[in-house]
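Residue-level listing of the chains:
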Amino acid sequence: MSETDKLVPKKSRFDDGYEYPDLYYEADHMLEAAEVIYTLAAMRDLAWKNLELEKAGKPILAGDLTDEEFLVPEVDPKTGYFVNPIDIPELAQFTNDNIKNLKQDTEFWASYGGTIELLKDLVPEKGGRSSSDLSLRSRSIMYIDDAYGDEAEILYAISLDDNCKRVIVNFRGTTTVQDLKVDAQITLVEFKLPNVEKKVKLHRGFYDYLFDKEFSAEDKSQHEDLNKYEEIMTKVKPLFKQYPSYKLYVTGHSLGASLSSLFAFVASQDPDSAIPKPVTCVSVASTYVGNQAWREVFQSAEEAGEIRYLRVSNRTDVIPHGPPFDLIGNLYKHVGVNLLLSQETIFKSKPSYSFHFPTGSVLTEWYTAFCNNFVTNCAWIPSKILVMHGCPEYDRRLDSLKSTLKGVYLNDLYEDYFIAKKEAEAKWVWNTFLKYAIPGAVLAGAIYMLDVL
């Protein structure tokens, strides 16, 4: 753990000897992971194209990551992981060395230029973000779900971070037509989640992505007898037997963010002791996932110390505020601690931030509803909608708040929230008593006196 990753100063229900960093580093490291999976997918796509161009004597890439070991990594049949994990610094350096050639492919650069530039910034030797140095140098990708060379789009990656002692499951955001179809399935459908007694209503597309075996088969899964969640868990659990002091972190951007919260929650309810609690989820630009019942079971897991969830969103990014309801009017509800990043205004010279919790007083609920809706968060300029939703803008706002967020801890926010929630519940009981019990007693007494007289 680096010197900047300080111990949480307050006692918390999440304390178990693990050194949790402050909120800035937790958010920044997971945003980096969300950025990397986009770039990894893009570079692998281009590497496949490079094979064909190489046959014609016109390769556009140079370096060790152009060979078939990068495109079709050898998988150890015993562990299910890569024999030679993909080294993140090596990938960043390879990308940086090939930027001149990458820019010559205008079609590719138009699609992936933004994420390629982001990965270039992650090369420590090139003066990248200081927060990335130790975390990225010690991070390696153990598995990606297109590892068998079928050229399918990457849905998830499993990484190992030896510096921060984390196993990271990272879901990719919306990229393909298939992803858009998943996003569009907004109907709230009642499901029975694994290891959860209460039934909840969830976004149909997100649920199918993780738990529908037929969907996994259509997605060219190599494990047709397992759904995507089960497939991932068969690879994650053995890592914790090898690294019992590590923690499970789950992240993603956009579609990947929504999937990450659903995956992390179900993982937190897994009775297998191999999964250490709490599970931590840090999502970036997540849409709604479920209804009020989903919120309630999620909050129960938070209060039990089973899951920590930081949901990062940008003000003027409209994506996290949809869909507010499904096609027949069922309401969606957000979960987790929301870190809302605001942009500069004529009154503020740099981005600002605020925290929002999914429950509170009536005034708090109204304020949160005002801050978290389509109208007040839409950029209203078509060209800016994708900009506000993109990783670069999230990265810019978060980085500008580094000095202030470094003194904040997610565990502290949770404990303050639980205290406030308990006080609000106590006030509600007392106010209800004053509102109904006392007038009721007076009325009953009056009726009794009339009856006596």
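Residues numbered from 1 in each chain as written. Predicted model: local features only at pLDDT ≥ 70, side-chain atom pairs only at ≥ 80, totals over all residues. Heavy atoms only, no water.

A short note on the sheet that holds strand E3 (residues 156-161)
Next up, step 1: Judged by pairing direction, the sheet is mixed, and its nine strands sit side by side in the order E1-E2-E3-E4-E7-E8-E9-E10-E11 without closing on themselves. Looking at the sheet topology across the chains shown, the edges are occupied by strand E1 (86-87) and strand E11 (352-356).
Next up, step 2: Here strand E2 (residues 139-144) pairs with E3 via five bridges, running antiparallel. Paired with Arg139 across the strands is Asp161, a residue of E3.
Next up, step 3: Relative to the sheet, helix H10 (residues 228-242) contacts E2, E3, strand E4 (166-171) and strand E7 (247-253), its axis offset from that of E3 by approximately 10°. (Pairing = 2+ DSSP bridges. Helix = DSSP H or I, 4+ residues; strand = E, 2+ residues; numbered from the N terminus. Contact = heavy atoms within 4.5 Å. Axes fitted to C-alpha atoms, helices over the stretch in contact; angles between N-to-C directions.)

Some remarks on the packing of helix H1 (residues 23-55) against helix H16 (residues 391-400)
Next up, step 1: Between H1 and H16, the least distance of the axes is 11 Å, while the angle of their chain directions is 160°. In terms of orientation, H1 lies roughly antiparallel with respect to H16. Taken as a pair, H1 and H16 cross one another with a handedness that is left-handed. Here Tyr24, Ala27, Asp28, Leu31, Glu35 and Tyr38 of H1 lie close against H16, whose contacting residues are Cys391, Tyr394, Asp395, Leu398 and Asp399.
Next up, step 2: Across the contact of H1 with H16, the residue classes break down as seven nonpolar, no polar and four charged. (Parallel < 35°, antiparallel > 145°, perpendicular 65-115°, else oblique. Left-handed = near helix turned anticlockwise from the far one by under 90°. Nonpolar A, V, L, I, M, F, W, Y, C, P; charged D, E, K, R; others polar.)

Some details on the pairing of E4
Next up, step 1: Taken across its six residues, E4 has six buried, putting it largely inside the fold.
Next up, step 2: Because side chains alternate across E4, one face comprises the buried residues Arg166, Ile168 and Asn170, and the other comprises Val167, Val169 and Phe171, equally buried.
Next up, step 3: For E3 and E4, the ladder comprises six bridges, and the chain directions are antiparallel. In the strand pairing of E4, Asp161 is matched with Arg166.
Next up, step 4: Between the end of E3 and the start of E4, which pair antiparallel, lie four residues, with Lys165 showing a positive phi angle near 55°.
Next up, step 5: When E4 meets E7, the two strands line up parallel, connected through six bridges. Bridging from a neighbouring strand, Val169 pairs with Val250 of E7. (Buried < 20%, exposed > 50% of the residue type's maximum accessible area, 1.4 Å probe, protein only.)

As for the pairing of E7
Walk down a regular strand and you will see the side chains alternate between the two sheet faces.
Next up, step 1: A large share of E7 lies buried, amounting to seven of its seven residues.
Next up, step 2: Direction of pairing for E7 relative to strand E8 (residues 279-284): parallel, over a ladder of five bridges. In the strand pairing of E8, Tyr249 is matched with Thr280.
Next up, step 3: With helix H11 (residues 255-268) bridging E7 and its parallel neighbour E8, the resulting β-α-β unit is right-handed. (Right-handed = clockwise from strand over helix to strand, strands pointing away.)

Quick word on the nonpolar core
Next up, step 1: Counting residues in each nonpolar core, the largest one holds 104 residues, and the members touching the most others are Leu193, Val236, Leu248, Leu262, Phe263, Phe265 and Trp294.
Next up, step 2: Looking at which element gives the most residues to this core, the answer is H1, with 15 residues.
Next up, step 3: With residues near it in sequence (within four places) discarded, Leu262 still touches Leu193, Leu202, Phe206, Tyr207, Leu210, Phe211, Val289 and Trp294. (Core = buried A, V, L, I, M, F, W, Y, C linked by side-chain atoms within 4.5 Å.)

With respect to the packing of H10 against H11
Next up, step 1: Look at H10 against H11: their axes get within 12 Å of each other, and the N-to-C directions meet at 60°. Judged by the twist between their axes, the crossing of H10 over H11 is right-handed. Facing H10, whose interface residues are Tyr229, Ile232 and Met233, H11 presents Phe263, Val266 and Ala267.
Next up, step 2: Residues of the contact of H10 with H11, tallied by class, amount to six nonpolar, no polar and no charged.

What about the side chain of Ser140?
Next up, step 1: Along the chain, Ser140 turns up in strand E2.
Next up, step 2: Residue classification places Ser140 among the buried residues on the basis of a relative accessible area of 16%.
Next up, step 3: In this view, Ser140 contacts Pro85, Ile86, Ile158, Ser159 and Leu160; residues no more than four positions away in its chain are not counted.

Focus: the packing of aromatic side chains
Next up, step 1: According to the stated counting rule, one finds 20 aromatic pairs in the structure shown.
Next up, step 2: Taking the centre distance of 5.8 Å and the plane angle of 40° together, the rings of Phe82 and Tyr143 count as tilted. Taken together, the residues Phe82 in the loop between helix H2 (68-71) and E1 and Tyr143 in strand E2 connect sequence positions 61 residues apart.
Next up, step 3: Residue classification places Tyr143 among the buried residues on the basis of a relative accessible area of 1%.
Next up, step 4: When the ring of Tyr417 is compared with that of Phe418, the centres are 5.5 Å apart and the planes differ by 40°; the resulting orientation is tilted.
Next up, step 5: Overall, Tyr417 belongs to the buried group, its relative accessible area being 6%. (Phe/Tyr/Trp six-rings, centres within 6.5 Å; stacked < 30°, edge-to-face > 60°.)

Some remarks on the pattern of salt bridges
Next up, step 1: Evaluation of the coordinates by the stated rule reveals 12 salt bridges.
Next up, step 2: Here Asp270 makes a salt bridge to Lys237, at a shortest N to O gap of 3.1 Å. Linking Asp270 in the loop between H11 and E8 with Lys237 in helix H10, this pair joins segments that are 33 residues apart in sequence. The pair Asp270 / Lys237 is uniform in exposure class, with both members buried. (Salt bridge = Lys/Arg side-chain N within 4 Å of Asp/Glu carboxyl O.)

Some points on the confidence of the model for the chain
Next up, step 1: Model confidence for the chain is summarised by a mean pLDDT of 77, while 69% of its residues fall at 70 or above.
Next up, step 2: Helix H6 (residues 133-137) is the least confidently modelled element of the chain, averaging 52 in pLDDT, while E8 averages 97, the highest of any element.
Next up, step 3: Note on residues 1-8: pLDDT under 50 across the span, and 22 contacts to partners over four residues away in sequence or across chains.
Next up, step 4: Scored below 50 in pLDDT, residues 126-134 makes 23 contacts in the model with residues more than four places away or belonging to other chains. (pLDDT = per-residue confidence, 0-100.)

Overview of empty space enclosed by the protein
Next up, step 1: All chains considered together, the criterion is met by four cavities of 30 Å³ or more.
Next up, step 2: In this structure, the largest cavity occupies an estimated 70 Å³ of space.
Next up, step 3: Every element with two or more residues in the lining of the largest cavity is listed here: H1, E2 and E3.
Next up, step 4: It is H1 that provides the largest number of residues to the lining of the largest cavity, a total of four residues. (1 Å grid on protein atoms, 1.4 Å probe; cavity = no way out; pocket = protein on both sides within 12 Å on 5 of 7 lines; lining within 4 Å. Points joined across faces, edges and corners; volume = space filled by probe spheres on them.)

Let's talk about H10
Next up, step 1: If you check H10, its first and last C-alpha atoms are 23 Å apart, about what 15 residues at 1.5 Å a residue would give, namely 21 Å.
Next up, step 2: Here H10 starts with a cap whose side-chain oxygen sits 3.1 Å from the backbone nitrogen of Tyr229, and that cap is Asn227. (Expected span 1.5 Å × (residues − 1). Polar contact = N/O pair within 3.5 Å; in protein donor to acceptor, adjacent residues only side chain to side chain.)

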